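# Coordinate analysis (summary)
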Amino acid sequence: MSQEQDGKQAIEAVEEHQACQEQQGEEAEESEDRETIKHLQMAIQQINELYQRQRYKEALLGTARLQQQYPEHPTVMSLAAMVHKPVAPDKALHWAAEALKRDIYQPDAWRVRMSVYYDRGEWSAFETAARQLAIVAPDDPTPHLLLAQYQMRRGALEQALLSLERCIAIEPAGIAYATYSYVLAQLERVPESKEAERKALEMNEEHAYTFMQLAWAADQRGEHEHSLKFMGEAVRLDPGDQQVREEYMDALQKTHLWFRLVWWPAQLFQKLQPFILLIIWIIFAIIQPALLIGFIVLHIATYWLSRFVVNWKVYGRPWVS
């Protein structure tokens, strides 16, 4: 009986020892996992900082090193997609796809796809990515804002309004209220448009595109002087942006007759399709070479005229070194 008890005790001791070893092993694994997660988080944070400061080459090198350490990690693949987006959009899409194969709930991968497809005008793919991002990252207002922009392009103003309301409900922002004001103005809901403008201005956002949306809303309401004031703020904030400059020039035309007479002929040529321009060049070259030279000078002058006017508005002089 004593031997049987000793045997049982020995078995229990072995089992206890095994359990203890297993527990120690699990604790070691958990400790290792925590260290891995901590290291990964720190590395991702450092790469994100480089990316935010537009030091893309260093961010790409850091990501490549991280991928060597974690070749199958979906978060690292999402990071690779993000840092490739400004410099190599096709590679960004590749890494986003690889990340989503392993984990469909990777918000950064969906953000990259949404952004690249929006920039390229691949609307069906963009809409899919935006709606997926809205599901996996319900606190992100960006997909709703971009969906609203896309819906406005299609003329689906009521849908755009709903998307903007979702965006504002998640995170009230100046650009969202400004776009909301513009959509309301197009729907001829003038008092609501002005109220949205007021809320946009309360946000104190120093962003050119916020003021440009407010300018469009004011112009849509027939308030051309008001529109010019907003476009003046936009061009002050980002004088190098071509779209902002052109919109400012358009606003000037609507409020100043003298400028309309100067700018309209140059703008007309600027808006022609490249193949039409080529045909005109050929015709002028055949009929009268001097006309071709004048046409080229006028075409180039369009760009510089806009730069001079914008520089005068922003810096008080036509030329800035």
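Described below are features of the structure shown in this document. (Residues numbered from 1 in each chain as written. Predicted model: local features only at pLDDT ≥ 70, side-chain atom pairs only at ≥ 80, totals over all residues. Heavy atoms only, no water.)

### Quick look at the overall build of the protein
Looking only at helices and strands, the protein has 16 helices and zero strands in total. Looking at the protein as a whole, 37% of its 321 residues are labelled buried. Considering only contacts in the protein between residues 6 or more positions apart, those separated by 24 or more positions represent 50%. Summing over all exposed atoms, the protein offers an accessible surface of approximately 19100 Å²; the carbon and sulfur share of this is 55%. (Helix = DSSP H or I, 4+ residues; strand = E, 2+ residues; numbered from the N terminus. Buried < 20%, exposed > 50% of the residue type's maximum accessible area, 1.4 Å probe, protein only. Contact = heavy atoms within 4.5 Å. Areas by Shrake-Rupley, 256 points an atom, 1.4 Å probe, with all protein chains shown as cover.)

### Quick word on the packing of helix α9 (residues 174-186) against helix α11 (residues 208-220)
Following both chains from N to C, one finds α9 and α11 inclined at 15 degrees, their axes separated by 8 Å at the closest point. One element, α9, and the other, α11, form an angle in the roughly parallel class. Classified by chirality, the crossing of α11 by α9 is left-handed. Only Tyr 209, Thr 210, Gln 213, Leu 214, Trp 216, Ala 217 and Gln 220 of α11 make contact with α9, whose side of the interface consists of Gly 174, Ile 175, Ala 178, Thr 179, Ser 181, Tyr 182, Ala 185 and Gln 186. Classifying every residue of the contact of α9 with α11 gives eight nonpolar, seven polar and no charged. (Axes fitted to C-alpha atoms, helices over the stretch in contact; angles between N-to-C directions. Parallel < 35°, antiparallel > 145°, perpendicular 65-115°, else oblique. Left-handed = near helix turned anticlockwise from the far one by under 90°. Nonpolar A, V, L, I, M, F, W, Y, C, P; charged D, E, K, R; others polar.)

### Comments concerning the pattern of salt bridges
Proximity of charged atoms lets side chains of opposite charge pair with each other. Applying the stated criterion across every chain yields a total of 16 salt bridges. The salt bridge partner of Arg 120 is Asp 90, with a shortest N-O separation of 2.6 Å. Taken together, the positions of Arg 120 in helix α5 (residues 107-120) and Asp 90 in helix α4 (residues 89-102) put the pair 30 residues apart, joining distant regions of the chain. Its relative accessible area of 53% is what places Asp 90 among the exposed residues. In this structure, Arg 236 engages Glu 233 in a salt bridge whose closest nitrogen and oxygen atoms are separated by 2.7 Å. Here Glu 233 and Arg 236 lie together in helix α12 (residues 224-237), a separation of three residues that amounts to about one turn. Take Arg 236: its relative accessible area is 37%, and that puts it in the partly exposed class. Members of the salt-bridge network, linked through shared partners, are Glu 72, Glu 98, Lys 101 and Arg 102. (Salt bridge = Lys/Arg side-chain N within 4 Å of Asp/Glu carboxyl O.)

### Here's the deal with the environment of Asp 140
Position of Asp 140 relative to the elements: it lies in the loop between α6 (123-136) and α7 (142-154). Distance from Asp 140 to Ile 170, taken between C-alpha atoms, is 7.1 Å for residues 30 residues apart in sequence. Setting aside residues up to four positions removed in sequence, Asp 140 forms contacts with Arg 111, Leu 133 and Ile 170. There is a polar contact of 2.8 Å between the side chain of Asp 140 and the side chain of Arg 111. (Polar contact = N/O pair within 3.5 Å; in protein donor to acceptor, adjacent residues only side chain to side chain.)

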